[in-house]
Amino acid sequence: MIDEEKVIYLDNNATTRVAPEAVQAMRPYFTEYYGNASSIYRFGGRLAKVVEEGRAKVAGFLGADPSEVIFTSCGTEGDSSAILSAVNVMPNRRKIVISTVEHPAVLNLGKELERKGYRVSRIPVDSFGRLDLERAKAMIDEDTAIVSVMWANNETGNIYPVAQLGEMAHSAGALFHTDAVQAAGKIPFHLHDLPMIDMLSVSGHKFHSPKGIGALYVRRGVHFHPFVVGGHQERGRRAGTENVPYIVGMGVAAELALAHLNEENTRVKALRDDLQNRLLAAIPDVRINGDVEHRLPNTTNISFEYIEGESILMHMDLYGICASSGSACTTGSLEPSHVLRAMGVPYTAAHGAIRFSLSRYSKQEEIDKVVEVMPGIISKIRAISPYWNKK
Ligand code: PLP
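Attention in this report is confined to the structure presented alongside it. Note that the structure is predicted; figures quoted are calculated from it, not measured. By convention here, each chain's residues receive numbers from 1 onward along its written sequence. At least 70 in pLDDT is required for a residue's local features to be given in this predicted model, at least 80 for side-chain atom pairs to be given and counted, and no such filter applies to totals for whole chains, interfaces and linings, which use all residues. Only hydrogens and water are set aside; all other atoms, that is, all heavy atoms of the structure, feed into the side-chain values.

**Thoughts on the overall build of the protein chain**
- Secondary structure is summarised from DSSP: a helix means a run of H or I of at least four residues, a strand means a run of E of at least two, and numbering begins at the N terminus for each. Regarding its fold elements, the protein chain presents 14 helices and twelve strands.
- A compact globule built from 391 residues should have a C-alpha radius of gyration of about 21 Å, and the protein chain, at 22 Å, falls within 12% of that.
- Considering only C-alpha atoms, the protein chain reaches an extent of 70 × 55 × 35 Å along its principal axes.
- Counting only residues that meet the buried cut, the protein chain has 57% of its 391 residues in that class.
- A contact between two residues is defined here by any heavy atoms of the two lying within 4.5 Å. Long-range pairs, those at least 24 residues apart, make up 74% of the contacts in the protein chain with a sequence separation of at least 6.
- Charge assignment: positive for Lys and Arg, negative for Asp and Glu; neither His nor the chain ends contribute. Think of each charge as sitting on NZ of Lys, CZ of Arg, CG of Asp or CD of Glu. Of the side chains in the protein chain, 42 bear a positive and 45 a negative charge, and the two mean positions are spaced by 2 Å. The globule rule used for comparison is 2.2 Å times the number of residues to the exponent 0.38, while the radius of gyration itself is calculated over C-alpha atoms. Burial status follows relative accessibility: with a 1.4 Å probe on protein chains alone, a residue under 20% of its type maximum counts as buried, one over 50% as exposed, and anything between as partly exposed.

Printed below as a string of structure tokens:
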């Protein structure tokens, strides 16, 4: 078993530690109040109020009305629900517009829709991972049912101009959805000030609530076709017994994230910048991938050129340091990340890319330790790398 105390966890875009406040709030709903929130008797039925309290907290976090929040099982479900709803409610429109750097949750759904005969246009990015907005404008037309572009990228941390894209979608009569799985809790926003966003998905486990719970915002007035069909839960918009403990946990985590967002962003960004700048100063042939001007405060994606990300991660693991090479969903494939490929990052740099992602629980001592061990790890791997020796 890994000594948990010694783990340096810098993979918070993959998942986060559940906030102790959320764990404590959830506990009684496993042990004492385990009824079904849809039951008639009070032991279950009174939990409906607890579900609504959780919904109100998540709505507050998003700047939405509670009636606009549907609980889901994860970010992936929110993304599928939004996009499939749009193609169902607009059967005469046969096209969707996404970007080349979406999470597989959206990219692979796009491929699935293509197999079913829909057209999918993918907005390209430049070498900094910035979207080509001129191309986006040209792609969005009268045949487009929905434009779905992520608010922030999970690999580079790049932040995308969702308000502008939403306006482009509306001017063609299309709906606009954003995958805000990485943005929520890191970018301040208030959805009632953003009427161009019709739907938005979030995932609890990215902001210190448990895995297995998420939410989909559907702006009031937007016609919604359910993805999970069955019982009457969530006012007929998402069937399945309400996950009371996790809804409680997500409510608490959302409240905490909202209350501390600005101070946490400032602290986390300072740590991230310190990590990045010291690594860049200590190690040769290193580059940052992404748009450093428009990036999440907790993320940096660094290429250690001429070596393999997987072997860097294995060496880091010996020191208990957790980070990632590409998104967790693509780990296991030897292909470099689709995001870095879309950006045209050269092969020798794309393979050695490591994403460091911090959270409110990251500490300066951890950053110091990473900066201390990384130069040794990189030169050890480079010493046996054929690409490094040939460069
Ligand atoms: N979208 C983005 C941008 C993500 O980073 C992730 C998870 O990494 C997802 C969607 C999928 O979220 P979940 O794991 O909750 O299904």
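What follows picks up the thread again.
**Considerations on the packing of helix α4 (residues 47–62) against helix α9 (residues 244–282)**
- Interaxial angle, 0 to 180 degrees, is taken between N-to-C directions of lines fitted to C-alpha atoms, where a helix line uses only the stretch in contact. Put simply, α4 and α9 touch, their axes get as near as 8 Å, and they point 30 degrees apart. Classified by the angle their axes make, α4 and α9 are roughly parallel. Along this stretch, α4 crosses α9, giving a crossing that reads as left-handed. Touching L47, V50, V51, G54, K57, V58, G60 and F61 of α4 are V244, I247, V248, M250, G251, V252, A254, E255, A257 and L258, all from α9. Roughly parallel means an angle under 35 degrees; roughly antiparallel means over 145; roughly perpendicular covers 65 to 115; every other angle is labelled oblique. Here a crossing is taken to be left-handed if its near helix is turned anticlockwise relative to the far helix by less than a right angle, and right-handed if that turn runs clockwise.

**Some thoughts on the sheet that holds strand β10 (residues 299–304)**
- The antiparallel open sheet is built from three strands, whose spatial order is β9-β10-β12. Sheet topology places β9 (286–289) and β12 (353–357) at the edges, where each strand pairs with a single neighbour. With strand direction ignored, the average angle separating the axes of adjacent strands in the sheet is 30 degrees.
- Summarising the sheet, β10 and β12 pair through five bridges and their orientation is antiparallel. Residue T300 lies in a different strand from β12, and its bridge partner there is F356.
- Of the strands in this sheet, β9, β10 and β12 touch α9, which is tilted by about 15 degrees from β10. Pairing between strands is defined by DSSP: at least two bridges between them are needed.

**Looking at the pairing of strand β8 (residues 214–218)**
- Taking burial as the measure, the five residues of β8 include five buried ones, the bulk of the element.
- Going residue by residue along β8, you find G214, L216 and V218 tucked away on one face and A215 and Y217 tucked away on the opposite face as well.
- In this structure, strand β2 (residues 69–72) lies alongside β8, joined through four bridges in antiparallel fashion. Bridge assignment links V69 to a residue of β8, and that residue is Y217.
- The pairing of strand β7 (residues 199–203) with β8 spans five bridges and is classified as antiparallel. By the bridge assignment, V202 is partnered in β8 with A215.

**Observations concerning the packing of helix α5 (residues 75–89) against helix α6 (residues 104–115)**
- Two numbers describe how α5 lies on α6: the axes approach to 9 Å, and their chain directions differ by 35 degrees. Here α5 runs over α6; the crossing is right-handed. When α5 is examined against α6, the residues T76, D79, S80, I83, L84 and V87 are found in contact with a partner set consisting of A105, V106, L109 and L113.
- When residue character is reported, Ala, Val, Leu, Ile, Met, Phe, Trp, Tyr, Cys and Pro are called nonpolar, Asp, Glu, Lys and Arg charged, and the others, Gly included, polar. When grouped by side-chain class, the residues that make up the contact of α5 with α6 number seven nonpolar, two polar and one charged.

**A look at the nonpolar core**
- The biggest cluster of nonpolar side chains holds 63 residues, and the ones touching the most others in it are L62, W151 and L200.
- Where each domain begins and ends follows an automated or database-derived domain assignment. Counting residues domain by domain, this core receives three or more from each of domain 1 (4–16 + 261–390) and domain 2 (20–259).
- Residues enter a nonpolar core if they are buried and are Ala, Val, Leu, Ile, Met, Phe, Trp, Tyr or Cys, with the set joined through side-chain atoms within 4.5 Å. Membership of the second largest hydrophobic core comes to 27 residues, among which are I283, V373, I377 and I378.

**Here we look at the environment of I307**
- Of note, I307 is situated in the loop between β10 and α10 (309–318).
- Overall, I307 belongs to the buried group, its relative accessible area being 4%.
- Note: C-alpha distance between I307 and G344 (37 residues apart in sequence) is 18 Å.
- Setting aside residues no more than four positions away along its own chain, I307 makes contact with I312, T348, H351, G352, I378, I381, R382 and S385.

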